[in-house]
Structure formats: structure tokens, C-alpha cells
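Single-letter residue listing:
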Amino acid sequence: MFKNYLTSALRFLKRNKLFAGINIIGLSLALAVSFIILLFVVNEFSYDKGYNKRKQIYRVILTYSNLKITQPLVPYILTSEMKSSFPQVEYAAPIRYVRPFQLKKNDEFISIRSAASTVSDFFNIFDISLTGTKENILDDPNSIVLSKKQAEKFFPDENPVGKEIMGSVLGKEQLFVVKGVFDDFPANSSIQADCFVNTKWSLDQINQSQKIADADINWKAFNWNTWVLLKENTDTAAIIEQFRTIAARNYEEYFYLTFSLQSLSDVYFHSAGMVNAGKIGNMKKIKIFSAIAFLIIVMAAFNYIILSTAVSSGRSKEIAMRKMNGASIKSIKKQMLGESVFLLLIVLPIAVGFALLVKPYAEELFQMKLHIIHSNLVTYILIYLLLTLVIGLFSGLYTSTYLSSLNVIGILKNGTVSGKGKPFLRSALITVQLVIFCSFISGTLIIRSQYKYALNKDLGYQNNNILLVDMGRDFKEYKAFINSVNSIPEVKSAAGTLDALPAFGSTIGGTPNFKDPSKIVEMEGLFVHYNFIETMGIKVLKGRSFSEEFGSDLKNSVLINEKAVKDLGIEDPIGKLLEGRTIIGIVNDFNLHTIRTDIPPLSIYLYDRYYHMAVNYAPGKLDVLLPKIEKEWKAIAPNRPFQYKTIEDVIEGIYDSEKNLSVIVSISALFSLLIAAFGLFALTLFIAKTRTKEIGIKKVFGSTEKSIIYSFLKENLIMVVVASILAIPITYYFMNRWLSNFSYNVGINFWFFVVAFFIAMLVVLLTVLFHSFRASRTNPVEALRYE
């Protein structure tokens, strides 16, 4: 039976080469897009699944109940408290990255990007394949566990376990002993590490940077991601209640602090809004890309139906003869469906090949690696086959139902069949395709416009001719370096800051409203050095900025923005006390983060330590300036890389996802254009052939070539107008929802839809014009002999 279907399908495709070619192109594009997006979706939904076979793994999070804020950083001592006081906890492990961290190969120290410090129990919590003994593997301060990738780099072709390796931590050399090798973490993992070391190294770093001596027992040192493995059937509510007891005992003055649990399976997709959440998933992006794939598949399926019904007249006699020879409607319908499915099966390898070809480009657009997970190969194959069968059945359902129900006598009497409903159905399907195309075009214009707006918006500070230098967390010569940079002629001013603008992290606290102390205002903090306000072009509206002439500014003064004045309800704020500091000035509101979020109430503090330097330089002097700054850097830190970005590059990087989304929607519009245009081109050809005699008669009775061309164009232009009108509310609804993700947006202008209409009209005119012109030139004598 399958052989008969295949033979019939190939025979039909051979007779209708144009039909075959158009459908193969359209279906290949649609399936390739769906395969690429399926890889993306599988990667997203398989996040943290590779080492999460146990369902009782949780991350401990810190909760500010008064501000409804959570963050995953908790004190180190909480781990030992849980081990001793929580019988439900089987294992607990804090983890924190050590930066900078280097390992020596030959005579060169190589930076390790993701060196993590943790305890031995970490390997009992997660299902990580490990060479070495799990028990006590990191108990010694000089222990190190390497990833396979790092083990092969530093110990090629040998077993590194038990061998020594020289490292550098906090600028000091330290001899480590390799205690084990673990499998590399998959790319779709919330935890990434190239090696693990003892927690001593992070504790020393915390003590040094925060100027404390008790990071291991300090309940206010919130620096660690802490993971726990609970015993089976543990009631998490009981643990959270125990957390409240611990918090009440250790945070009397901070009564709003407590701890909670977050399941590992929720970390990637349910951490939006959490402070310092790390990399998180974007369900909206998954929905957008899935919708794009669905729409393109729908267009390809509609193309199949349109062209199938258009060429059905060529099969009407064949079906009539089969019915006369005893073929049942059911058998004919099965044959038609079989042909449709077999066409898709022919297309499948072409689509997979095309998908693999464009995968590297798709990875750039998605900003992630689209890994083909070997353990999921069977799943991929089954899903791809199922998707192919569904499209084939859906595409062939109408055609098979229609053709199998044709009247034998009518066909043999009239020779061909057009059907009263077919032209209307084809017009409706083409209109739907044009609606999708117009929506893609106007959507692209809106996204692109928002992207341009984000790049050019006045952020409240200088967003050009600013160089941002990353000095690192443990760089001690920052004052000398900044002073040397300030002496360069091309530099207007340079200043240090803990977080460069626009800021990626958040320092949030709660401050009582001045008029109603029961109302807590969520305030963000920015920690800067002298002259940073002036360097960034932030305006001081009232009072003054920080000044070295006032020795008390470092510990006693604070600046706030206009939003803070409003939300805190302060009248005449200059000279008032805020959290024990005197308000010395009011600065203009500026976008601390991105335009996706509102401007927060902000307090700006003078700080004597900073990790970044902002350099305000003379316009057009960057190429001259960079070598000079790098020379100063090498003079002070010869073993450190010189890392910098312009503020324009930083802002562009922030909105890369919007830029890539506009490219993706543009490409989708192009695919939809190709599918719709090819289908319309072939359909016009078939219609022109079926109307050959009609055109000949019209010409005999005096119709001009222009009127015949107009008759072809009129119907298609009506479809463009209808499609453009229908696309407006659909596009407006979905794009308005997308724009709601931005606190500041461009809005939706009517010209977006006008441009989409003219593009669609131009495409349809060019597509239809060729065949309509040829049809209008038909010789009436030859036309009347046709058929």
C-alpha cells in the first residue's frame, strides 16, 4: 500500500513539476525554521535537567518581606546551621566564584574564568560524573577538582588525579593537588564551573574586600549561593518556618529578613525580578519564536492547499475513471492523504539539511548555542516525524476530501471542474497569508523603531564619548591609575565607581517615608568616587556634589534623585538626614539600568573602593586616547589584561535581544514573502491557463490588454487591502503587549501599517503582473482552440 502511495505521489509530482517545486521550497523553509526553533525550545526546557535527577534539590534564597524582594545570596554560616539544626537536610553546599583565579601551565599563568569554591557535599547533591572519591574531596584547603576540559588542557594525555598544579589566588601563588575530574557542565546549566576549590579562598576574598574578619560566621555577609538536598517527602513549609526562627534570632533589627527555598527546576524560568539572579530563561521569547514557526508552517500548509485545489482540474478525470472502476471515496481519500504525507517525507531530509546549514547563523540570532543533545536524538526524530505527519495530514485533508467527493457524471460531461467554493477558499487562504506577511512587516518596523529609540534616548547622563574601563575587584592601585589617566590631554575627566552606568546589578534597601514612616520606600544605591557625577554629565539640581574639600562626605553625605524626593515625601531635602547621612544635593532623574525599567528612587554614596573607571574624553579622540590609557595600565598592572568598552557599545549590547528579534522577524517576513509569492505566482499561472478561452472570447468582443491585466490585478489588490486592514488589530494587540515590557517606548504609529500595505501591494503586483501580461497577449484564435 505504501509503495502504491509513493508511486502515485511521484507520478503526480512528475506531471506537475511547478506544483512540486513550489511546495518543496515552501515546506522546506517552514520545516527548517520549525526544526531550528525546536532545538532552541528543547535547550531552554532542558535547562538544569542534566544533573537534576533528584527532585529534592533546592536553592536557599533571601527574602526582604517589606520590599517583596528576593535574592539568591545568603550567609556562609547558614550552611552549617542547616546541617546541625535541620534533620530534613541531607546535604548542604555553599558555592561562590573566586575571581581572579589562575592556573600555571609551563611558565605561564592562565586565567580560569569560572573557578568556584564549595564544599565536598556539593558532589553529593548534584548528579555529576566524577573521577575521584566524593567523600572529603575538597576538605583540604589545597584541594582542586578540575573539569574534563581543564584537565585535558593542563594534563594532556595523562591522569591528573593526585598531581600538583600551581595556582594564583588573590595575586598570591598557591600549590594545589588535583583530587578529581568532573564531566563538563552542559551549556544549558545554571551552574557553570571550570574547577572547584575549598571555600577558604572565597572567605579570604570576602574578608579582604569587605574589611571584615569573620565571613564564615557573619550572618550579614550575604555572598553565597547555597544548595540543599532534602530527604524524601520533606515538608518544605516546615523548613521555611525554621528559617523564620533563625532569621528572628539573628536579624532582630532587620525583622523583614528571612529565608526561603526555590526548587532547582524553578531556578531558570522563575527567577525574573530576583536580584542577582544570574542567567534566567525567557518564556516570552519561547512563545514568540514558537508563534513565528507556527505561522510559517501554516503559510506553507495553506500554499499546499491552494496549489492542490488549483491543479485538481488535471486530476478530475483520473478520479472519475477510478470511481467508475469501483474505487471508493475512502480509498481515494487515503491516496490523496498518502500523497500529501509522502511529499512531506520527501521534503524532510531537505529541511533538516537546510536547518543544519543555517544553525550557526541562528545561534547568533538566539544568542545561545543550539546544542544537538545526543541523548535526545530519538526524541528529535520522533518529534520531527510527528510534525511532518501532522503538516502532511493537515495540508492534504481538504484536497483529499474535496477531490474524493467529486461528481463522476459532472466531470465526464464538463471535462474539468472548478467548484463553486474553490475560488473563495483560495482567496481566503491567500488573504490569511498576506495578513501574516503584513503583520511580520509592521512588527519588524515597530521592533526596529523601539531598538533605535533605546539607543538614542536621553538617559539623563552622557551616553557618548565615555570610555568604561573594568579594573577588577582586587585591583589596589586604582587611585594612582585614575590620577594618571586624568593627566592625559584628551581626557576631560575620569572617575571611579563600583558599578558603571548603565548598571547591571542592584543594591536595594528599604527607607521609611518621611511623612508616613510605616510606608517603606524601596531605594537603590549607587556607590561612586569624587567627580563621577560630573564625569557622567549628571546634573546637580539643588545643593552640591561630593567634594574633597569636605572631608566628611565619605562617611556622612548622600545625594538623592528627584524620584527619591517624591517617593520619600521630603520637603526641603537639603540638610535632612537619610539613613544617618546628610542629604547634600539633588540630582536629575536618570536611567540607572535600562529603559525596560522605571527610574528608581536612588541614593548615591561616596565610596573609597571601586571596580570601574569612567573616562569622559574629547570627541573624536578615542583612537589617540586608547594607547595612552593602555600604556598607563601596563605601567601599573603589567600582568593584567586591559579591558574596556565604550558606553555606546555597552548600550548596544544591552539591547542586542531587541536587535536580534527584529532580524528574526525580518527573516520570518522574508520567508513568508517567498512562500506567499511563490504560491501566488504558481496560482496565477494555473488560473491564467484555465481562463485562456475566457480571455480569447473577451478579446474577440473588444476587451483591451489593459482591461484583462486589470481584471487579474483587481482581485489580488482587494485581497491585499483586506489583509492589511485585518493585520492592523492583530499586530497592534501583540506588539502593544511586547512594548509593555519597556517603561519607555515609542508607541505604535499608523505609518508602520501603511508601509506594510505598500510592500505587500508591490509584492503582489510584481508577482501577478508577469502572468497577467502574458495572458493579455494571448492570440484569440489560439485561445478559442484551447481545451
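Just so we're clear, the structure is a prediction, and the values are computed from it rather than from any experiment. (Residues numbered from 1 in each chain as written. Predicted model: local features only at pLDDT ≥ 70, side-chain atom pairs only at ≥ 80, totals over all residues. Heavy atoms only, no water.)

**Student:** So what's going on with the overall build of the chain? Residues and values would help.
**Tutor:** Each helix and strand in the chain was counted, giving 25 helices and 24 strands. In the chain, which comprises 787 residues, the proportion classed as buried is 51%. A sequence separation of at least 24 residues applies to 79% of the contacts in the chain between residues at least 6 apart. Accessible surface for the chain amounts to roughly 37,200 Å². Of this, 58% is attributable to carbon and sulfur atoms. (Helix = DSSP H or I, 4+ residues; strand = E, 2+ residues; numbered from the N terminus. Buried < 20%, exposed > 50% of the residue type's maximum accessible area, 1.4 Å probe, protein only. Contact = heavy atoms within 4.5 Å. Areas by Shrake-Rupley, 256 points an atom, 1.4 Å probe, with all protein chains shown as cover.)

**Student:** Hey, could you go over the packing of aromatic side chains for me, with residue numbers and the actual values?
**Tutor:** Counted under the stated rule, the structure contains 29 aromatic pairs. Judged by centre distance (5.5 Å) and plane angle (40°), the ring pair of Phe-86 and Phe-243 falls under tilted. Placement of the pair is Phe-86 in the loop between α3 (77-85) and β3 (89-97) and Phe-243 in helix α7 (residues 236-250), with a sequence separation of 157 residues. Here Phe-86 falls in the buried class, since its relative accessible area comes to 2%. On the basis of an interplanar angle of 70° and a centroid distance of 5.1 Å, the ring pair of Tyr-268 and Phe-269 is categorised as edge-to-face. Phe-269 matches Tyr-268 in its accessibility class, with the two residues each being buried. (Phe/Tyr/Trp six-rings, centres within 6.5 Å; stacked < 30°, edge-to-face > 60°.)

**Student:** Any details on α7? Residues and values, ideally.
**Tutor:** Helix length check: α7 (15 residues) gives 21 Å between terminal C-alpha atoms against 21 Å at 1.5 Å per residue, within 8%. Tucked inside the fold, the buried residues of α7 contact β1 (57-64), α3, β12 (225-230) and β13 (257-263). Two to three positions downstream of the cap, the backbone nitrogen of Ala-237 sits 3.2 Å from a side-chain oxygen, assigning the N-cap of α7 to Asp-235. (Expected span 1.5 Å × (residues − 1). Polar contact = N/O pair within 3.5 Å; in protein donor to acceptor, adjacent residues only side chain to side chain.)

**Student:** So, the pattern of salt bridges: which residues are in play, and what are the values?
**Tutor:** Taken as a whole, this structure holds 14 salt bridges when the rule is applied. Among the ionic pairs, Lys-359 bridges to Glu-363, the shortest N-O distance being 3.1 Å. Linking Lys-359 with Glu-363, this pair stays in helix α11 (residues 329-366), spanning four residues, or about one helical turn. Close ionic contact of Glu-658 with Arg-596 constitutes a salt bridge, the shortest N to O distance being 2.9 Å. Placement of the pair is Glu-658 in helix α21 (residues 656-690) and Arg-596 in the loop between β21 (581-587) and β22 (602-606), with a sequence separation of 62 residues. Overall, Glu-658 belongs to the buried group, its relative accessible area being 8%. (Salt bridge = Lys/Arg side-chain N within 4 Å of Asp/Glu carboxyl O.)

**Student:** Before we move on, could you go through the packing of α3 against α7 and cite the residues and values that matter?
**Tutor:** Here α3 crosses α7 at 125°, and the two axes come no closer than 12 Å. In this view, α3 runs oblique relative to α7, as classed from their interaxial angle. The hand of the α3/α7 crossing is right-handed. Contacts from Leu-78, Glu-81, Met-82 and Ser-85 of α3 reach α7 at Gln-242, Phe-243, Ile-246 and Arg-249. (Axes fitted to C-alpha atoms, helices over the stretch in contact; angles between N-to-C directions. Parallel < 35°, antiparallel > 145°, perpendicular 65-115°, else oblique. Left-handed = near helix turned anticlockwise from the far one by under 90°.)

**Student:** Describe the environment of Leu-445, naming the residues involved and giving the relevant values.
**Tutor:** On the secondary structure map, Leu-445 appears in helix α14 (residues 422-456). Among the residues examined, Leu-445 registers a relative accessible area of 23% and is labelled partly exposed. When residues no more than four places from it in sequence are discounted, the contact partners of Leu-445 are Trp-751, Phe-752 and Val-755.

**Student:** Hey, could you go over the packing of helix α15 (residues 478-486) against helix α19 (residues 622-636) for me, with residue numbers and the actual values?
**Tutor:** At a minimum axis separation of 10 Å, α15 and α19 run at an interaxial angle of 150°. Relative to α19, the element α15 lies roughly antiparallel. With respect to the hand of their crossing, α15 and α19 are arranged in right-handed fashion. Contacts between α15 and α19 involve Ala-480, Phe-481, Ser-484 and Val-485 from the first element and Ile-629, Glu-632, Trp-633 and Ile-636 from the second. Taken together, the residues of the contact of α15 with α19 sort by class into six nonpolar, one polar and one charged. (Nonpolar A, V, L, I, M, F, W, Y, C, P; charged D, E, K, R; others polar.)

**Student:** Residues and numbers for a nonpolar patch on the surface, please.
**Tutor:** There is a patch of nonpolar side chains on the surface, built from Leu-345, Ile-381 and Leu-385 and spanning about 230 Å² of accessible area. Tracing the backbone through its elements, the reader meets Ile-381 in helix α12 (residues 377-404). (Patch = residues over 30% accessible without salt bridge, like charges linked within 9 Å, V, L, I, M, F, W, Y side chains within 5 Å.)

**Student:** Mind laying out the side chain of Ser-557, listing which residues take part and the relevant values?
**Tutor:** Following the sequence through the fold, Ser-557 ends up in strand β19 (residues 557-561). Among the polar contacts made by the side chain of Ser-557, one reaches the side chain of Asp-553 at a distance of 2.7 Å. Here Ser-557 is in contact with Arg-544, Phe-546, Ser-552, Arg-581, Thr-582 and Ile-584, once residues within four sequence places are set aside.

**Student:** Requested: an account of the pairing of β21, with residues and values cited.
**Tutor:** The element β21 is largely enclosed, with a buried count of six among its seven residues. Of the pairings in the sheet, the one linking strand β18 (residues 540-543) to β21 comprises three bridges and is antiparallel in character. Across the sheet, the residue bridging to Lys-542 is Ile-586, located in β21. Relative to β21, β19 is paired through five bridges, and the arrangement is parallel. Following the sheet pairing, Val-558 is matched in β21 by Ile-583. (Pairing = 2+ DSSP bridges.)

**Student:** Would you mind going over unusual backbone geometry in detail, with residue names and values included?
**Tutor:** Pro-100 follows Arg-99 through a cis peptide bond whose omega is 0°. If you trace the backbone, Pro-100 turns up in the loop between β3 and β4 (101-105).

**Student:** Explain the environment of Ala-213 to me, using residue names and the numbers behind them.
**Tutor:** Here Ala-213 shows up in the loop between α6 (200-210) and β12. A sequence separation of ten residues divides Ala-213 from Leu-203, and the C-alpha atoms of the two residues are 9.1 Å apart.

**Student:** Residues and numbers for the confidence of the model for the chain, please.
**Tutor:** In this model, the chain carries an average pLDDT of 83, and 83% of its residues clear a pLDDT of 70 or more. Mean pLDDT across the secondary structure elements of the chain bottoms out at helix α25 (residues 780-785), with 50, and peaks at strand β11 (residues 195-198), with 96. Across residues 417-421 the pLDDT falls below 50, and counting only partners more than four positions away or on other chains, this stretch makes eight contacts in the model. (pLDDT = per-residue confidence, 0-100.)

**Student:** Just give me the short version of the nonpolar core, but keep the residues and values in it.
**Tutor:** Within the largest apolar cluster, 112 residues are counted, with the highest numbers of intra-cluster contacts made by Phe-366, Leu-501, Leu-526, Met-536, Phe-590 and Ile-604. Contacts of Ile-604, omitting those with residues within four sequence positions, involve Leu-526, Val-528, Ile-533, Phe-546, Val-558, Leu-559, Val-587 and Phe-590. Within the second largest apolar cluster, 28 residues are counted, among which are Ile-57, Phe-123, Ile-128 and Ala-193. (Core = buried A, V, L, I, M, F, W, Y, C linked by side-chain atoms within 4.5 Å.)

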